[in-house]
Amino acid sequence: MEDLLRNLTIRTFRDGLAAKKFSALEIAQAFFEIIKARDGGIGAYLTLTEDLAARGAEAADLAVAKGDDIGDLAGVPLAVKDAILVAGERATAASKILEHYTAAYDATVIRKLRAEKAVFLGKTNMDEFAMGASTENSAFQITRNPRDPERVPGGSSGGSAAAVAAGLAIAALGSDTGGSIRQPASFCGVVGLNPTYGAVSRNGLIAMTSSMDQIGPITKTVEDAAILFRAIAGRDPMDATTADARYGEELLNPDLRKIKELVVGLPEEYFSGGIAPEVAREMERAIGKLKSLGLRFKPVSLPHTKYGLSCYYIAVPAEVSSNLARFDGIRYARLAGGRADGRGALGELYREQKGRGFGPEAKRRIILGAFVLSSGHYDAYYEKAQRVRTLIARDFDEAFRKADILLTPVAPTPAFKIGEKAADPLSMYLSDVFTIPVKLAGLPAVSIPTKPARALAPGELPVGFQLIGKKWREADLLGAGTFYEQLEN
Ligand code: GLN
């Protein structure tokens, strides 16, 4: 059973369910057994939602029994990042300030997946409010990389990536603001898609940086990422930034003849030093394999790349300081204990609850954000960062005149050791140097393992390559990725 679960993809699960090889309930129960046996050593999940999963699985089984057209996601056991609301279940965003919060409604993505009769196994660990690149900023637990338990799974969607990589869910939802889907996918050896800004509703995602946050799939295969993405994408009246992109058949059934025509740009700024040798070697492998499919390569330049990190770390804290202001210790959930007994000045209650409720990275960004937005500093920092953001977006427009998609590393290194960067925020921030510019420009990008887990040598760590596309052209990325995956190693 364990091997069956480990190898299940959305596609193979669907085929097995339709052929009545197993029931959805049976599989959901088997997943909980393996989670209980194995997750102690990994720490992917914060909350298990067994009742919810049983109800979902029964609904899927009923549909099969009635001979309904079950679609691709009926009964599929999924893990959900804890920043995404599932009605009636805990949602903490891995923060102490939300430790006792229960979601009052479903995020739009959850509502859509429920309609498809997907099964939710539980909520996964993350960096507090999605701020971090290792999942060590969780207020509750660390998550270990299933490939090497001494190493981090990446972050902030580390719990979701670890759950999929360890076979503790078939697929998962994460969220990406500066790299939080792609970097953990790369570290854990799974596929992670950051959709075009506005492709997927953010309604019911606990906001970190509203101008960049996007929900996306973390899966074992590129095909699964396409299936899950298509199910959650689309315009939503609850999120005015969403658009109707009409992702058609090409998303699920890419045409090799069209994919071969794609010209791939290699941005020189992403290959000039600072990359670990094994990452550089794996980029060569990825490029070689795509060439063997017939894709052509071209050098391109994104000259403002060097300002990406600075620009991001002004824009993000600014939005964080405003988004996190709502957590005042009165609305949502109250922390137990302390002096918050309702007596004394209101300001004192806020101070006390926020002081105990937010972790160090959240406090750092709230203070920094309040500073860059304050009068006298706004023009020098926030406004300037917005201007640089436009320049970075223009770089991509320029590059896409010469190329259809871009290939870069996802991160400068493979998974680092637990504790290695925890005390040095700046070195942690550098882990996202290749994933951040994409977000400043609102573009789609996918992280794909350069080789399958079974092809890794003992002790070898997974490495992902990133494909970046034009807005709304996820089909180019997923199409190239699908054919890439089908090549032998
Ligand atoms: N590591 C980056 C940060 O801390 C990105 C996080 C994310 O994408 N949510 O901001």
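Scroll up for the structure.
Residues numbered from 1 in each chain as written. Predicted model: local features only at pLDDT ≥ 70, side-chain atom pairs only at ≥ 80, totals over all residues. Heavy atoms only, no water.

### A look at the pattern of salt bridges
To be explicit about the condition: Salt bridges, as used here, are contacts in which a Lys or Arg side-chain nitrogen is within 4 Å of a carboxyl oxygen on Asp or Glu. In DSSP terms, a helix is any run of H or I states spanning at least four residues, a strand is any run of E spanning at least two, and both are numbered starting from the N terminus. Residue exposure (1.4 Å probe, protein chains only): buried if accessible area is under 20% of the type maximum, exposed if over 50%, otherwise partly exposed.
All chains considered together, the criterion is met by 28 salt bridges. For E249, the salt bridge goes to R230, with nearest N and O atoms at 3.8 Å. Of this pair, E249 sits in the loop between α8 (222-232) and α9 (256-260) while R230 sits in helix α8; the two residues are 19 residues apart in sequence, bridging distant segments of the chain. Overall, E249 belongs to the partly exposed group, its relative accessible area being 48%. A relative accessible area of 32% places R230 in the partly exposed class. Connected through salt bridges with shared partners, the residues R281, E282, R285, K451 and E460 form a single ionic network.

### Considering the site of the ligand
We apply this condition: Whether a residue is near a molecule or strand depends on its heavy atoms: if one lies within 4 Å, it is near. Any pair of N or O atoms that falls within 3.5 Å is considered a polar contact. Within protein, one atom must be able to donate a hydrogen and the other to accept it, and sequence-neighbouring residues count only if both atoms are side-chain atoms. All amino acids are sorted into three groups, where Ala, Val, Leu, Ile, Met, Phe, Trp, Tyr, Cys and Pro are nonpolar, Asp, Glu, Lys and Arg are charged, and the leftover types, Gly among them, are polar.
The environment of the ligand is formed by 15 residues, the closest being G178, S180, Y312, R365 and D432. At 2.7 Å from a nitrogen atom of the ligand is found a side-chain nitrogen or oxygen belonging to S180. Of the residues in the shell around the ligand, the class split is six nonpolar, six polar and three charged.

### Details of the nonpolar core
Let me state the cut-off plainly: To define a nonpolar core, start from buried Ala, Val, Leu, Ile, Met, Phe, Trp, Tyr and Cys residues and group those joined through side-chain atoms within 4.5 Å. Contacts were defined at the residue level, with two residues in contact if any of their heavy atoms lie within 4.5 Å.
Among the nonpolar cores identified, the biggest contains 155 residues, and L113, F129, F396, L407 and L467 are the most heavily contacted of them. The element best represented in this core is helix α11 (residues 308-323), accounting for nine residues. Once residues within four sequence positions are removed from consideration, L467 is found in contact with L290, I405, L406, L407, P444, A445, V446, I448, L477, A480 and G481.

### Considerations on unusual backbone geometry
Going from G155 to S156, the amide bond is cis rather than trans, its omega being 10°. Within the fold, S156 resides in the loop between β3 (119-124) and α6 (158-165). One non-glycine residue, K20, lies in the positive phi region at around 60°. In this structure, K20 sits in the loop between α2 (10-18) and α3 (24-38).

### Considering the pairing of strand β2 (residues 77-81)
Keep this limit in mind: Crossover handedness is defined here as right-handed if the route from the first strand over the helix to the second strand goes clockwise, with the strands pointing away from the viewer. Only strands that DSSP links by at least two bridges are regarded as paired with each other.
With five of its five residues buried, β2 lies for the most part within the structure. In this region the chain leaves β2, passes through helix α5 (residues 108-115) and returns to the parallel neighbour β3; the handedness of that crossover is right-handed. Here β2 runs beside strand β4 (residues 171-176); their pairing, made up of three bridges, is parallel. The partner of V80 across the bridge, within β4, is L173.

### Observations concerning the sheet that holds β3
Note the following rule: Between N-to-C directions, angles span 0 to 180 degrees; the directions come from axes that are lines fitted to C-alpha atoms, helices contributing only their stretch in contact.
Pairing is mixed across the open sheet formed by 11 strands, whose spatial order is β1-β3-β2-β4-β6-β5-β10-β11-β9-β7-β8. Strands at the two margins of the open sheet, each flanked by one partner only, are β1 (45-48) and β8 (296-300). The mean angle between the axes of side-by-side strands here comes to 25°, regardless of whether they run parallel or antiparallel. Where strand β5 (residues 191-194) meets strand β10 (residues 445-449), three bridges bridge the pair, whose relative direction is antiparallel. Bridge pairing in β10 links L193 to V446. Sheet strands in contact with α8 are β2, β4, β5, β6 (214-219) and β10, and its direction is about 150° off that of β6.

### As for the side chain of D224
Here D224 shows up in helix α8. Look past the residues within four positions of D224 in its chain and what remains in contact with it is T9, I10, R11 and T219.

### Side note on helix α10 (residues 277-293)
For clarity, the threshold we go by: One less than the number of residues in a helix, times 1.5 Å, gives the span that helix is expected to have. Of all possible arcs, the one meant is that of the directions from the helix axis to the C-beta atoms.
Compared with the 24 Å implied by 1.5 Å per residue over 17 residues, the 25 Å span of α10 between its first and last C-alpha is a close match. Inspection of α10 places V279, E282, M283, A286, I287, K289, L290 and L293 among the buried residues, and these make up the whole buried set. Seen end-on, α10 carries its buried residues on one side only, within an arc spanning 165°. In α10, those exposed residues whose orientation departs by more than 90 degrees from the buried face are P277, E284 and S292. Phi for G294, located one or two positions after α10, is positive at around 110°.

### So, the packing of aromatic side chains
Each aromatic ring pair is specified by the distance between its two centres and by the angle formed by the two planes. Formally: Pairing of aromatic rings covers Phe, Tyr and Trp, the last through its six-membered ring, and needs centres within 6.5 Å; plane angles under 30 degrees mean stacked, over 60 mean edge-to-face, and all others mean tilted.
Evaluation of the coordinates by the stated rule reveals 13 aromatic pairs. When the ring of F187 is compared with that of F416, the centres are 5.6 Å apart and the planes differ by 90°; the resulting orientation is edge-to-face. A residue pair is termed long-range when its members are at least 10 positions apart, and F187 in helix α7 (residues 182-188) and F416 in the loop between β9 (405-409) and α15 (425-429) qualify at 229 residues. Across the pair, exposure class does not vary: F187 and F416 are buried alike. Counting every residue linked through ring pairs, the aromatic cluster contains Y101, F129, F327, Y332 and F358.

### Concerning the packing of α10 against helix α17 (residues 474-486)
Helix-helix packing is characterised by the crossing angle of the two axes and by the distance between the axes. To keep it simple, the criterion reads: Comment on the angle field: the value is read as roughly parallel under 35 degrees, roughly antiparallel over 145, roughly perpendicular from 65 to 115, and oblique elsewhere.
At a minimum axis distance of 10 Å, the contact between α10 and α17 shows a crossing angle of 95°. Accordingly, the angle class assigned to the pair α10 and α17 is roughly perpendicular. Contacts between α10 and α17 involve R285, A286, K289, L290 and L293 from the former and A480, F483 and Y484 from the latter.

### Structural notes on the side chain of R202
Among the secondary structure elements, R202 is positioned in the loop between β5 and β6. Residue R202 is classed as buried on the basis of its relative accessible area of 15%. Here T241 takes part through its side chain, which lies 3.0 Å from a polar atom of the side chain of R202. Apart from residues no more than four positions distant in its own chain, R202 is found in contact with Y197, S210, D213, Q214, D239 and T241.

These values are about where atoms sit, not about what they do.
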